[in-house]
Amino acid sequence: MDMNEIKEIFFQECEEQLAELEAGLMKMNDGDRDPETVNAVFRAVHSIKGGAGAFGLDDLVAFAHVFETTLDCVRSNRLEPSQDVLKVMLKSADVLADLTNAARDGGSVDEGRSRGLVKELEALANGELPSPSTAAEVPAPKPAAKVAPALAAAAPAPKATDDSGFQPIPFSFDDFGDEEEVGSGIPVYEIAFKPRSDLYSKGNDATLLLRDLSRLGEMSSYCNMDDLPGLDDLDAEAAYFSWNITLKTDKGEDAIHAVFEFAEWDCDLSVKEVGAEPSVSPNDELPMIPVPFDLSILDEGAAEAPTEPNSDAAAAVAAAETVSNVTQMAAAAARVEKKEAAATAAASAAAAAQNNAAAGQTIRVDLDRVDRLINLVGELVINQAMLSQSVIENDTTGTSSINMGLEELQQLTREIQDSVMAIRAQPVKPVFQRMSRIVREIADMTGKTIRLITEGENTEVDKTVIDKLAEPLTHMIRNAVDHGIETPEKRAAAGKNTEGTVRLTAKHRSGRILIELADDGAGINREKVRQKAIDNDLIPADANLSDEEIDNLIFLPGFSTADKISDISGRGVGMDVVKRSIQALGGRINITSRPGHGSVFTMSLPLTLAVLDGMVVTVAGQTLVVPLTAIVETLQPEAAAIHSFGANHRLISIRNSFCPLVDVGRILNFRATQANPVEGVALLVESEGGGQRALMVDAIQGQRQVVIKSLEANYTHVPGIAAATILGDGRVALILDVDAVVGASRGQALKPEMSLAAAG
Amino acid sequence: MSHTVKNLSQGDRELIAFRIGDQEFCVNIMSVREIRGWTPATAMPHSPADMKGIINLRGAVLPIIDLSARLGMKPAEPSVRHVIIVAQVRRKVVGLLVDAVSDILTVTDDNIQPTPEITSDTERQFARGILAIEKRMICLVELEALFPDTESEAA
């Protein structure tokens, strides 16, 4: 592996770290003060700095260092991560990303910007606050939230090794990173916690509650086992233990109650502030068993968990030996063991959760290799279909073993295909995250305050779709912020919140992904858009257009090439390009706008560009594939159900409603005259914009999964055709673009000029 | 094949010569991927006259262009004796339908004569010169000019 390859890996890692950094900062921006979040942010910058140092990327190191120093202040609670501080940090993250890109691809970064940020960061680190608005807050060391940065690293609690007596073992949660001795100013609470059986039966666990409690501050606890009956009377399902807890925390009583939020009904709980001095002393009169409560097992890897409980159990047994009531103690030990079994389970669950948080186990694979695999699986699917077909054709007797094998093969191929597709499926999160930066930048540039709300960012789509989504989405977000949302003054005048909102949503709908971009801006100024279109000769001056049609004018090529774009209060910067790139993805884009209330852009995209369930049909001697997701039902039209309507239109009556008939062969220009519908089959389809159409085809061959092959790769986009596929006999079949065909049936024909226009 | 492949010296280039009707053309061998026989193509709706349809080339969709029609001559009526030259033009791969492949030529730049001035715009567009070899006249076709770039405008 040469240096360049290592460097490439470093940059790939940087990308991940930057994403983590931004995600962490956004979380903090939303009020997340979990030390783990702060640590993750710190780690991200730290690793970028470390790697950059190894490659001698001095600019990057210098900036990352300053950034890291300031983050360290937040980490050690010397700097309150207020909104203003986070604003600086988010900008710094942007610059860090720019510096990383510049280091990889060459090019330069706006030095003024980075230098300004360095100054701001240094000022923050020195305890100066970014803006006077927060001057009230003193950047002095704040009483630390007493939580260890990583509980996993915490030293195990002392073991009950003293068998001479019943010395209660204090619950100790070592906390590093906090040099300061906890002052007497921190309130101390005495908490009495006695779970009822219901607590356990509802899936709560006292162990976990205690752990959460321990995160609030310095805690010691004593387990009271008075109620523990003899073994004979022991009900394994019941709750016998109660705890007396002393907790030193500055989080307040509410935080304590919050820990028990879901358990409060199922336990007896009392919380009482007892001043600053711990007043609980071990009550020697009570036969208390030191129950080792080792937190490390909760957070460490599951592998370590089994050993710890064993020693703890042994300790408990050892302690039990010194007690006269052996029976009782054996029961206690049993109880302890049971508890530990639960703890072990919790430990593995926690470990799993931790793994999850760290994005699971991943390997980096060259996309080309995955593509090759996907292509091969595609061929396999075709081959399997071919095989099935020839078996069915040749084997009329239907040998059961062959059929069974074939069925199994079919299932396997399907499964392989699904798994291979899953490799490429990724959440849209990274793209959405990138958008928050765009919003920040444009908002800064235009002096607007914008809130970006993202929803459904874990919706998964094929990687190629995600990659190709970024560009049109960036374009649209820019438009929404720049043109869609008004200035704060205008918004105030219109009686709106001065802060504009842009909402980005992703969700699955009937086998496609729906991405919605909504803003609460002024909406499209239809008068101006219309005028602009007339000025540019896009529509005749006397054209009578519906609101929807006017809105859609902004997608026309030529509309955007107008010189003074900012003259239009609506939108229009390169929306034709946006539309074209969405179409290239096999998607559609729609706009709805309400003047004064904002606009919504809706994109509907396929989940994958590789495979589709299709209905194979014959039209004018051609084999076509119709995507199954579009078809509502198929029917054999009867002569009585067909009605002529006007000169050229025909309707088919379906259950008392009339649906326009569309001859696919005619609309695709495969034949000169409309075919007789009675001789064909009607496919009832529902288009994106709603409304049904009956597509007439000559015959249905069958239903099949087909591998989508791009037409654009070697040719060009063809109106009415979504893509191509290869059939079992090796011939190419076209995949129908149902929505385009339905659209064509509404008015504009699929003209050859359009295909030439698309070809340039 | 009268000209054997030999080590190419500076300025030499290899061309593939083919026949359409009674005319001979050639293209740079570097852009030719393979040569295969005619197979029926799937027709495309609303396509230009020179678009013969698409075929399956080992899993990829290959558009077939009737070069005769593309050059403004009589459209071909493809038969089993026709040949498809699979050529790479920029980043796209296209199949060129021609009557037959006749030769591999090794020529130097000196052998290429400028296109005569009688040509109309159509010919001038694709003809990069004329070769005179053994009393034959072979027109050197520039594929890049024949298939204008459509990608560059997509932003």
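Residues numbered from 1 in each chain as written. Chains lettered and ligands numbered in written order. Predicted model: local features only at pLDDT ≥ 70, side-chain atom pairs only at ≥ 80, totals over all residues. Heavy atoms only, no water.

**Some words on the overall build of chain A**
A tally of regular secondary structure across chain A gives 22 helices and 22 strands. Of all 760 residues assigned to chain A, the portion counted as buried reaches 45%. Considering only contacts in chain A between residues 6 or more positions apart, those separated by 24 or more positions represent 70%. When the accessible surface of chain A is totalled, it reaches about 37,200 Å², and 51% of it is carbon and sulfur. (Helix = DSSP H or I, 4+ residues; strand = E, 2+ residues; numbered from the N terminus. Buried < 20%, exposed > 50% of the residue type's maximum accessible area, 1.4 Å probe, protein only. Contact = heavy atoms within 4.5 Å. Areas by Shrake-Rupley, 256 points an atom, 1.4 Å probe, with all protein chains shown as cover.)

**A closer look at the confidence of the model for chain B**
Model confidence for chain B is summarised by a mean pLDDT of 83, while 86% of its residues fall at 70 or above. Residue range residues 1-6 of chain B is modelled with pLDDT below 50. Its contacts to residues more than four positions away, or to other chains, number eleven contacts. (pLDDT = per-residue confidence, 0-100.)

**Quick notes on unusual backbone geometry**
For residues other than glycine, phi is negative in most cases, and the peptide bonds are mostly trans. All names here are of chain A. Notably, Asn77 is not glycine yet its phi reads approximately 60 degrees, a positive angle. Notably, Asn669 is not glycine yet its phi reads approximately 65 degrees, a positive angle. Positionally, Asn669 belongs in the loop between helix H20 (664-667) and strand E18 (681-686). A relative accessible area of 45% means that Asn669 is categorised as partly exposed.

**Details of the packing of aromatic side chains**
Residue and element names in this part refer to chain A. The tally for this structure, following the rule as stated, stands at seven aromatic pairs over all chains. Relative to Phe55, the ring of Phe10 has its centre 5.2 Å away and its plane inclined at 40 degrees; by these criteria the two rings are tilted. With Phe10 in helix H1 (residues 3-29) and Phe55 in the loop between helix H2 (35-54) and helix H3 (58-75), this residue pair connects regions lying 45 residues apart in the sequence. In this structure Phe10 comes out as buried when scored by relative accessible area, which is 6%. Judged by its relative accessible area of 16%, Phe55 falls in the buried class. Between Phe241 and Trp243, the ring centres sit 6.4 Å apart and the planes meet at 80 degrees, which makes this aromatic pair edge-to-face. Here Phe241 matches Trp243 in class, with each residue buried. Three or more aromatic residues link up through ring pairs in this structure, and these residues are Phe10, Phe11 and Phe55. (Phe/Tyr/Trp six-rings, centres within 6.5 Å; stacked < 30°, edge-to-face > 60°.)

**Some points on the interface of chain B and chain A**
Across the contact, 24 residues belong to chain B and 31 residues belong to chain A. Taken together, the two surfaces of chain B and chain A that pack against each other cover about 2,300 Å², and 58% of this comes from carbon and sulfur. Remark: the boundary between chain B and chain A carries six residue pairs in polar contact (both at pLDDT 80 or more). For the side of chain B that touches chain A, the secondary-structure elements that each account for two or more residues are strand E4 (51-57), strand E5 (60-66) and strand E7 (92-98) of chain B. At four residues, the largest contribution of residues to the side of chain B that touches chain A is made by E4(B). Here the side of chain B that touches chain A is composed, by residue class, of 15 nonpolar, six polar and three charged. (Buried area = accessible area lost by both parts, 1.4 Å probe. Polar contact = N/O pair within 3.5 Å; in protein donor to acceptor, adjacent residues only side chain to side chain. Nonpolar A, V, L, I, M, F, W, Y, C, P; charged D, E, K, R; others polar.)

**So, the state of the cysteines**
Residues and elements named next belong to chain B. In the structure shown here, the tally under the stated rule is zero disulfides over all chains. The closest cysteine sulfur to the non-disulfide-bonded Cys26 is located on Cys139, 7.2 Å from its own sulfur. We classify Cys26 as buried; its relative accessible area is 0%. (Disulfide = S-S within 2.5 Å.)

**Concerning the sheet that holds strand E11 (residues 598-606) of chain A**
Residues and elements named next belong to chain A. Across the sheet, five strands lie side by side as E6-E8-E9-E11-E10; this open sheet has mixed pairing. Edge positions in the sheet fall to strand E6 (450-455) and strand E10 (588-594), since each of these pairs with one other strand and no more. Here the average twist between neighbouring strands, direction ignored, is 15 degrees. Note that strand E8 (residues 500-509) and strand E9 (residues 512-519) share eight bridges and pair antiparallel. Across the sheet, the residue bridging to His508 is Ile513, located in E9. Across the sheet, helix H14 (residues 429-446) lies against E6 and E8, angled at about 170 degrees from E6, the strand it touches most. (Pairing = 2+ DSSP bridges. Axes fitted to C-alpha atoms, helices over the stretch in contact; angles between N-to-C directions.)

**A few points about the nonpolar core**
Formed by 59 residues in total, the largest nonpolar core has its most connected members in A:Leu695, B:Ile54, B:Leu96 and B:Leu143. Counting 46 residues, the second largest nonpolar core, distinct from the first, contains A:Ile477, A:Ala533, A:Ile550 and A:Met603. (Core = buried A, V, L, I, M, F, W, Y, C linked by side-chain atoms within 4.5 Å.)

**Considerations on the environment of A:Asp268**
Within the element layout of this structure, A:Asp268 appears in strand E4 (residues 267-273). Every residue in contact with A:Asp268, bar those within four places of it in the chain, is listed here: A:Ala192, A:Phe193, A:Lys194 and A:Arg196.

**Examining the pairing of strand E11 (residues 136-141) of chain B**
All names here are of chain B. Across three bridges, strand E2 (residues 23-28) lies against E11 in parallel orientation. Looking across to E11, one finds that Glu24 is bridged to Ile138. In the sheet, strand E10 (residues 127-133) pairs with E11 via six bridges, with the strands oriented antiparallel. When the bridges of E11 are listed, Leu131 appears paired with Ile138. Linking E10 to E11, which pair antiparallel, is a turn of two residues; within it Glu134 sits at a positive phi near 45 degrees.

**Comments concerning the environment of A:His508**
All names here are of chain A. Considering the arrangement of structural elements, one finds His508 in strand E8. According to the relative accessible area criterion, His508 is partly exposed, its value standing at 46%. Along the sequence, His508 and Gly456 sit 52 residues apart, while their C-alpha atoms lie 9.2 Å from each other. Residues in contact with His508, not counting those within four places in the same chain, are Thr459, Glu460, Ile513 and Leu607.

**Some thoughts on the side chain of A:Gln622**
Topologically, A:Gln622 is positioned in strand E13 (residues 622-627). Apart from residues lying up to four places away in sequence, A:Gln622 is in contact with A:Val617, A:Phe670, B:Thr42 and B:Ala43.

**Quick word on the sheet that holds strand E3 (residues 242-248) of chain A**
All names here are of chain A. With antiparallel pairing, the four strands of this open sheet are ordered in space as E2-E3-E1-E4. The sheet is open, and its two edges are formed by strand E2 (218-224) and E4, each paired on a single side. Averaged over all pairs of adjacent strands, the angle between their axes in this sheet comes to 15 degrees, without regard to strand direction. Sheet topology places strand E1 (residues 188-195) next to E4; seven bridges connect them, and they run antiparallel. Bridging from a neighbouring strand, Lys194 pairs with Asp268 of E4.

**Some remarks on the pattern of salt bridges**
Enumeration according to the criterion identifies 31 salt bridges over all chains in this entry. We note a salt bridge from A:Arg437 to A:Asp94, for which the minimum N-O separation is 3.8 Å. Of this pair, A:Arg437 sits in helix H14 while A:Asp94 is found in helix H4 (residues 83-105), placing the two residues 343 residues apart along the sequence. Looking at A:Asp94, the relative accessible area reads 2%, which means it is buried. As a salt-bridge pair, B:Asp50 and B:Arg70 come within 2.9 Å of each other at their nearest N and O atoms. With B:Asp50 in the loop between strand E3 (32-37) and E4 and B:Arg70 in helix H1 (residues 67-70), this residue pair connects regions lying 20 residues apart in the sequence. For B:Asp50, a relative accessible area of 9% gives the class buried. The exposure class assigned to B:Arg70 is partly exposed, which follows from its relative accessible area of 28%. It is possible to trace a salt-bridge network through shared partners that takes in A:Glu22, A:Asp94, A:Asp98, A:Arg437, A:Arg440 and A:Glu441. (Salt bridge = Lys/Arg side-chain N within 4 Å of Asp/Glu carboxyl O.)

**Focus: the packing of helix H12 (residues 367-394) of chain A against helix H13 (residues 400-424) of chain A**
Residue and element names in this part refer to chain A. It is at 10 Å that the axes of H12 and H13 come closest, and there the two elements cross at 160 degrees. One finds that H12 runs roughly antiparallel with respect to H13. When you trace H12 past H13, the crossing you get is left-handed. Here Leu367, Val370, Asp371, Leu373, Ile374, Val377, Leu380, Val381, Gln384, Leu387, Ser388 and Val391 of H12 lie close against H13, whose contacting residues are Ile402, Asn403, Leu406, Leu409, Gln410, Thr413, Ile416, Gln417, Val420, Met421, Ile423 and Arg424. When the residues that make up the contact of H12 with H13 are grouped by side-chain class, the tally is 16 nonpolar, six polar and two charged. (Parallel < 35°, antiparallel > 145°, perpendicular 65-115°, else oblique. Left-handed = near helix turned anticlockwise from the far one by under 90°.)

**As for H4(A)**
Between its first and last C-alpha atoms H4(A) spans 33 Å; for 23 residues at 1.5 Å apiece the expected length is 33 Å, and the two agree. Following H4(A) by one or two positions, A:Gly106 adopts a phi angle in the positive range, close to 80 degrees. (Expected span 1.5 Å × (residues − 1).)

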